[in-house]
Amino acid sequence: MTSKMKWWHSAIGYQIYPKSFQDTNHDGIGDIAGITQRLDHLTDLGVDVVWISPVNLSPMMDHGYDISDYYQIDPSFGSNEDFSELLAKAGEKGIKILMDLVINHTSTEHPWFKAAMADLDSEYADYYVIKEGRENGAPPNNWRSMFGGSAWEKISGTDNKFYLHLFTVGQPDLNWENPKLRQKLYEMIRYWLDQGVAGFRIDAIAHIKKIYDEKIISPDGPDGLATVWEQYRNACGIGEFLKEMREAIFADSDVLTIAEMDVPDPDQWLEYFGDNGYFSSIFDFYHTPYTIQEEKYQQDPAAFVDLLKQKLYKKQVLANDRVFFTNFLENHDLSRMPDRLIPQKDISFDSITAWSMMYFFLRGIPVIYQGQEIGMRDYPKTSIDGYLDLATHNSYRDYLLRGLTPAAALAKINQECRENSRTPMQWDAGNFAGFSEVSPWFAVNPNYPQVNVAWQAAEPDSLLNFFKKMTSLRKSEKLAPLMIYGRTVPVLQEVKGLVAYYREREGQRLVVVANLTANMQKIPLKKAVNEPLLNNLPGFIQTTAYGELQPYQSVIWYETGGESLAT
Ligand code: NOJ
Ligand code: CA
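The paragraphs below set out a description of the structure included in this document.

## Some words on the overall build of the protein
- The secondary structure content of the protein amounts to 16 helices and 21 strands.
- A compact globule built from 567 residues should have a C-alpha radius of gyration of about 24 Å, and the protein, at 24 Å, falls within 12% of that.
- For the C-alpha atoms alone, the extent of the protein along its principal axes is close to 80 × 55 × 50 Å.
- Of all 567 residues assigned to the protein, the portion counted as buried reaches 59%.

Here you go:
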């Protein structure tokens, strides 16, 4: 049992990508004052904790995930005073703020890195991973960066020295083996806690330990490079750093720490969570690298649903009584949910709400990504120049290298690009969707006259209002203990395209059934189902032997005693 009750067990989360949320000073870039201005949207939606992607000083090579001063707010987002004001105003409304903590790497513009480059004998050189290249002037080994190309960059002005960057060339990896560096990072974390942040989403944390060697691994791609996960993802020994950080700062506190987790096997996460785990919660990608747009799933969409279902069940069962994972279908590194999970011909209010109900009542912290609550969609580009993201350009080049035509490469990028979710938030039908008065840094999706907050707020049957119904159901006083602490029990697993589960606690049960197919599905019943707590379609047909779920119908009901489903 998760022994201690924590404020965040009952939290409903919302992620803001600040660059694209709300511009207030007419420079086309979202800012912190814009978040403060839109707090009412968040309270109306029923959100109580907000994770903001990085707002620290940055040259923005990776839109803020490359920090050049941990203590300063980037002027494009406003000032440190704006941030304090946001904390205060959000606090008045009962909203807690999480910062994004990027401590696997800094920017090449960080003074530590500059000092290291200016003098490789200075103490700052030991803040980074700097190695001698091979005799022929080639990099120290053939590790590939996660964002494409070599993970090493030659240090100009040196004979043969290189620095490591597991992400873009502008994001040199920090050397966690150096205790002095670790203390500097802990100081900085304490600073932001003192300012009043409630916790952090912790970026790329599974990569802080590197097991470096000079071995040249046999290449796994035409670029001659190799991805060698075991040497820089959850690498042996990482626990010592994570334990130290936990004990230095987070242990026995009320701080919410959500670790970004790209380790693919959930059984390897066990030490990360639980009462003595490194973090409070995990934001993982076990269920995210899949798209319905793949040819094989186009032919059999229900098989796609079943794949995701197995992934979600595995995590839920692992988490029962131990941890509250975050549950999400969208974030700033993924294309939009409807385009990724639902066959194009089926994308509608029904299918979006069916999927939304499926994930929102799982055990854990549900997180909504900005724009998801109004059904924002991907915005494919007609040229690769329409994208700004370096990682996207690298994978486009890689597709060409693998022999794809430019048109085929662009089609793939349009399908999978993470920038799909970074188009400006669509507030209303006015100029630039109410995001800004001037042309924004990244083009607005032209569907904004039909898809926007103002219109949906006024329309009782809109997706936005459906999200409000979901949040208020999760928070209803009577059901809260069951919603929060109920164990997840997967049921009817064999029914293709159906996701069904119980949330059970002390003889009470919530039943969630989601038909994620375009066909009617029958579910076997032993007795009549109680009046649904939430139903995304009008009515729920029952006979004595079965319930009839219409295409993309999701229903949730409450019961005590014997089960109504024949499982
Ligand atoms: C994960 C972040 O979510 C992503 O946006 C970023 O590019 C990398 N970490 C590197 O910081
Ligand atoms: Ca601005």
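Resuming the write-up.
## Some thoughts on the site of ligand 1
- Close to ligand 1 lie 13 residues; Asp62, Arg201, Asp203, His332 and Asp333 are nearest.
- Note that an oxygen atom of ligand 1 is positioned 2.5 Å from one of the side-chain N or O atoms of Asp333.
- Residue Arg418 places a side-chain N or O atom 3.0 Å away from an oxygen atom belonging to ligand 1.
- Alone, ligand 1 offers 290 Å² of accessible surface; in the complex the protein occludes 97% of this.
- Looking at side-chain class alone, the shell around ligand 1 contains 3 nonpolar, 3 polar and 7 charged residues.

## Concerning the sheet that holds strand β20 (residues 546–549)
- Across the sheet, which stays open at both edges, the 3 strands sit in the order β17-β20-β19 with antiparallel pairing between neighbours. Two strands lie at the open edges of the sheet, namely β17 (521–524) and β19 (541–542), each paired on one side alone.
- When β17 meets β20, the two strands line up antiparallel, connected through 4 bridges. In the strand pairing of β20, Lys522 is matched with Glu548.

## A closer look at the side chain of Arg246
- With respect to the helices and strands, the residue Arg246 is situated in helix α7 (residues 238–250).
- Of the buried charged residues, Arg246 lacks a salt bridge, with Glu247 as the closest side chain of opposite charge at 4.7 Å.
- Once residues lying within four places of it in the same chain are set aside, the contact partners of Arg246 are Ala251, Asp275, Asn276, Gly277 and Tyr278.

## Observations regarding the packing of helix α12 (residues 390–401) against helix α13 (residues 406–416)
- Close contact between α12 and α13 brings their axes to 9 Å; oriented N to C, the two are set at 140°. As for how α12 packs across α13, the hand of that crossing is right-handed. Note on element contacts: α13 touches α12 through Pro406, Ala409, Leu410, Lys412, Ile413 and Glu416, opposite Thr392, Ser395, Tyr396, Tyr399 and Leu400.
- Here the residues of the contact of α12 with α13 sort into 7 nonpolar, 2 polar and 2 charged.

## Notes on the nonpolar core
- Residues Phe83, Ile103, Ile189, Met245, Trp355 and Phe361 are the most contacted members of the largest nonpolar core, which totals 139 residues.
- When near neighbours in sequence (up to four residues on either side) are disregarded, Ile189 contacts Leu101, Ile103, Phe200, Met245, Ile249 and Phe250.
- Val495, Tyr502, Val511 and Trp557 belong to the second-largest nonpolar core, a separate cluster that totals 16 residues.

## So, unusual backbone geometry
- A positive phi is found at Ala433, a non-glycine position, where the angle reads about 60°.
- Mapped onto the secondary structure, Ala433 falls in the loop between α13 and α14 (453–458).
- Exposure remark for Ala433: the relative accessible area of 0% places this residue in the buried category.
- A positive phi angle, near 45°, is found at Glu506, a position not held by glycine.
- Note on placement: Glu506 falls in the loop between β15 (498–505) and β16 (508–515).

## As for the packing of aromatic side chains
- In the structure shown here, the tally under the stated rule is 35 aromatic pairs.
- With a centroid separation of 6.2 Å and an interplanar angle of 75°, the aromatic rings of Trp143 and Tyr212 are classed as edge-to-face. Of this pair, Trp143 sits in the loop between β6 (130–132) and β7 (152–154) while Tyr212 is found in the loop between β9 (199–203) and α6 (229–232), placing the two residues 69 residues apart along the sequence.
- Here Trp143 falls in the buried class, since its relative accessible area comes to 1%.

## Some points on the layout of surface pockets
- The space that makes up the second largest pocket amounts to roughly 380 Å³.
- Around the second largest pocket, the lining comprises 22 residues; the ones closest to its centre are Lys6, Arg246, Gly274, Asp275 and Ser280.
- Class assignment for the residues of the lining of the second largest pocket results in 8 nonpolar, 8 polar and 6 charged.

## What to know about the coordination of the calcium ion (ligand 2)
- On the protein side, the calcium ion (ligand 2) has Asp23 (OD), Asn25 (OD1), Asp27 (OD), Ile29 (O) and Asp31 (OD) as donor atoms, found 2.2 to 2.4 Å from it.
- For the calcium ion (ligand 2), the single-chain donor residues occur in sequence as D-x1-N-x1-D-x1-I-x1-D.
- What makes Ile29 buried here is its relative accessible area of 19%.
- Classification of Asp31 by relative accessible area gives buried; the value is 3%.

## Brief notes about the pattern of salt bridges
- Scanning the entire structure with this criterion turns up 33 salt bridges.
- Taking the shortest distance from any N to any O, the salt bridge between Lys345 and Asp346 comes out at 3.0 Å.
- Residue Asp346 is classed as buried on the basis of its relative accessible area of 13%.
- Taking the shortest distance from any N to any O, the salt bridge between Glu506 and Arg505 comes out at 3.7 Å.
- Residue classification places Glu506 among the exposed positions, given a relative accessible area of 66%.
- When salt bridges with common partners are traced through the structure, they connect Asp62, Asp333, Asp389, Arg418 and Arg422 into a single cluster.

What counts and how
Residues numbered from 1 in each chain as written. Chains lettered and ligands numbered in written order. Predicted model: local features only at pLDDT ≥ 70, side-chain atom pairs only at ≥ 80, totals over all residues. Heavy atoms only, no water. Helix = DSSP H or I, 4+ residues; strand = E, 2+ residues; numbered from the N terminus. Rg over C-alpha atoms; globule rule 2.2 N^0.38 Å. Buried < 20%, exposed > 50% of the residue type's maximum accessible area, 1.4 Å probe, protein only. Near = heavy atom within 4 Å. Polar contact = N/O pair within 3.5 Å; in protein donor to acceptor, adjacent residues only side chain to side chain. Areas by Shrake-Rupley, 256 points an atom, 1.4 Å probe, with all protein chains shown as cover. Nonpolar A, V, L, I, M, F, W, Y, C, P; charged D, E, K, R; others polar. Pairing = 2+ DSSP bridges. Lys, Arg positive; Asp, Glu negative; His and termini not counted. Salt bridge = Lys/Arg side-chain N within 4 Å of Asp/Glu carboxyl O. Contact = heavy atoms within 4.5 Å. Axes fitted to C-alpha atoms, helices over the stretch in contact; angles between N-to-C directions. Left-handed = near helix turned anticlockwise from the far one by under 90°. Core = buried A, V, L, I, M, F, W, Y, C linked by side-chain atoms within 4.5 Å. Phe/Tyr/Trp six-rings, centres within 6.5 Å; stacked < 30°, edge-to-face > 60°. 1 Å grid on protein atoms, 1.4 Å probe; cavity = no way out; pocket = protein on both sides within 12 Å on 5 of 7 lines; lining within 4 Å. Points joined across faces, edges and corners; volume = space filled by probe spheres on them. Donors = N, O, S within 2.8 Å, 3.2 Å for Na, K, Ca; no water.

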